[in-house]
Amino acid sequence: MELVFVTNNPGKLREINNILGDNFRLLSLADIGFEGEIPEIHPTLEENASAKAFYIYDRFLKDCFADDTGLEVEALNNRPGVYSARFAGKDETGGITSLEEQTAANIDKLLGMLEGKKSRKARFRTVISLIMRGKELRFEGIVNGAIITKRRGSGGFGYDPVFIPEGSELTFAEMDLAEKNRISHRARAFRKLVDYLSGIPDLM
Ligand code: IMP
């Protein structure tokens, strides 16, 4: 059975391919000949994930899924949330030029906004929208934790150096990848997706 993963990120594709095994032929956007950018303009993770999946479904009529992730910080009313990737703003006039700069600016802004706040509770949340034969199902994965005051660790990406998951002493950036993948929001959401897909009889 063929399923399109609506992503341009080869790392994500490899990760999920690994979990899915041989029952599925996972196709990338490149595999189906799609090269454009899909707009991510909605105010919630749910709407963004759905919109990305339906964008491809409507054009290719192929079963597919898309994911969207955000960091939700309690003291900031769940911001940056859906705006996590560009929290510090992308300056069209050339202020921020690379992903590294964007990430550094995002973390600086987050730490600045949390100065003096009582709660440093935060969570990562991933939402997956699966469209099969035109019908949508959603899966959610959450990891609760806290934002520390200074960066620690060099692994991972994004907000990993300042996020400590509940029950751990290490930040995501101090963990090895296998450990992060055991507990992460994304892994939890994808495991739910895989459990669902594995239970559909005529796919096996
Ligand atoms: P995406 O929806 O997976 O592209 O994630 C959106 C943004 O959330 C990323 O650009 C990162 O800033 C942040 N993010 C998502 N997942 C993680 C993670 O596992 N660690 C740290 N930051 C993450």
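Everything here concerns the structure above.
Novice: Looking at this model, I keep getting lost on the site of the ligand. Mind explaining?
Specialist: The immediate surroundings of the ligand are formed by 13 residues, with Lys12, Thr69, Asp160, Lys180 and Arg186 found nearest. Measuring from an oxygen atom of the ligand, one finds a side-chain N or O atom of Asp68 at 3.2 Å. Within the side chain of His185, a nitrogen or oxygen atom sits 3.1 Å from an oxygen atom of the ligand. With the chains in place, 85% of the 480 Å² that the ligand exposes on its own is no longer accessible. Its atoms largely coinciding with the cavity grid, the ligand occupies the largest pocket. Counting only elements with at least two residues in the shell around the ligand, the list comes to strand 3 (64-73) and helix 5 (185-198). Across the shell around the ligand, the residue classes break down as 4 nonpolar, 4 polar and 5 charged.

Novice: I tried to follow the layout of surface pockets on my own but got confused; where do I start?
Specialist: If a probe the size of a water molecule is rolled over the atoms, the empty space left behind becomes visible. Approximately 1,800 Å³ is the volume attributed to the largest pocket. Considering the residues around the largest pocket, the lining is formed by 50 residues, among which Asn9, Lys12, Ala85, Leu99 and Phe157 are closest to the centre. Going through the elements one at a time, helix 1 (10-20), helix 2 (45-60), strand 3, helix 3 (99-114), helix 4 (177-183) and helix 5 are the ones with two or more residues in the lining of the largest pocket. Here the lining of the largest pocket is built from residues that sort into 17 nonpolar, 19 polar and 14 charged.

Novice: I'm lost on the side chain of Lys52 in this one. Help?
Specialist: Of note, Lys52 is situated in helix 2. Beyond its immediate sequence surroundings of up to four residues, Lys52 is in contact with Val6, Ile38, Glu40, Ala66, Asp67 and Asp68.

Novice: I tried to follow the pattern of salt bridges on my own but got confused; where do I start?
Specialist: Any two side chains of opposite charge can pair if their charged atoms end up close together. Under the counting rule described, the total for this entry stands at 14 salt bridges. Across the pair Arg123 and Glu72 runs a salt bridge whose closest N-O atoms are separated by 2.8 Å. A residue pair is termed long-range when its members are at least 10 positions apart, and Arg123 in strand 5 (residues 121-132) and Glu72 in strand 3 qualify at 51 residues. Each of Glu46, Glu72, Arg123, Arg125 and Glu140 takes part in salt bridges that share partners, so that together they form one network.

Novice: What am I meant to see in the pairing of strand 6 (residues 135-147) here?
Specialist: Looking down a regular strand, the side chains alternate between one sheet face and the other. For strand 5 and strand 6, the ladder comprises 12 bridges, and the chain directions are antiparallel. Looking across to strand 6, one finds that Ser129 is bridged to Arg138. Between strand 5 and strand 6, which pair antiparallel one after the other, the connecting turn spans 2 residues, and Arg133 there sits at a positive phi close to 50 degrees. Pairing of strand 6 with strand 7 (residues 163-165), which is carried by 3 bridges, proceeds in the antiparallel orientation. By the bridge assignment, Ala146 is partnered in strand 7 with Ile164.

Novice: Got a minute to help me understand the packing of aromatic side chains in this structure?
Specialist: Both the distance between ring centres and the angle between the ring planes are used here to describe each pair of aromatic rings. Under the criterion given, the structure shown has 9 aromatic pairs. Summarising the aromatic geometry, the rings of Phe34 and Tyr55 are spaced 6.0 Å apart at their centres and angled 75 degrees between planes, so their arrangement reads as edge-to-face. Of this pair, Phe34 sits in the loop between strand 2 (25-27) and helix 2 while Tyr55 sits in helix 2, and the two are 21 residues apart along the sequence. A residue is classified by how much of its surface remains accessible, and Phe34, at 11% relative accessible area, is buried. A ring pair is formed by Phe34 and Phe60, whose centres lie 6.3 Å apart and whose planes are at 85 degrees; its orientation type is edge-to-face. Note that Phe34 is positioned in the loop between strand 2 and helix 2 and Phe60 in helix 2, a separation of 26 residues in sequence. The aromatic ring of Tyr55 is capped on one face by Arg59, whose charged end is 3.6 Å from the ring centroid. Over the aromatic face of Phe87 sits the side chain of Lys109, whose NZ or CZ is 4.5 Å from the ring centroid.

Here is what the cut-offs are and how they apply
Residues numbered from 1 in each chain as written. Predicted model: local features only at pLDDT ≥ 70, side-chain atom pairs only at ≥ 80, totals over all residues. Heavy atoms only, no water. Near = heavy atom within 4 Å. Polar contact = N/O pair within 3.5 Å; in protein donor to acceptor, adjacent residues only side chain to side chain. Areas by Shrake-Rupley, 256 points an atom, 1.4 Å probe, with all protein chains shown as cover. 1 Å grid on protein atoms, 1.4 Å probe; cavity = no way out; pocket = protein on both sides within 12 Å on 5 of 7 lines; lining within 4 Å. Sits in = over half its atoms within 2 Å of the grid points. Helix = DSSP H or I, 4+ residues; strand = E, 2+ residues; numbered from the N terminus. Nonpolar A, V, L, I, M, F, W, Y, C, P; charged D, E, K, R; others polar. Points joined across faces, edges and corners; volume = space filled by probe spheres on them. Contact = heavy atoms within 4.5 Å. Salt bridge = Lys/Arg side-chain N within 4 Å of Asp/Glu carboxyl O. Pairing = 2+ DSSP bridges. Phe/Tyr/Trp six-rings, centres within 6.5 Å; stacked < 30°, edge-to-face > 60°. Buried < 20%, exposed > 50% of the residue type's maximum accessible area, 1.4 Å probe, protein only. Lys NZ or Arg CZ within 6 Å of the ring centre and 35° of its normal.

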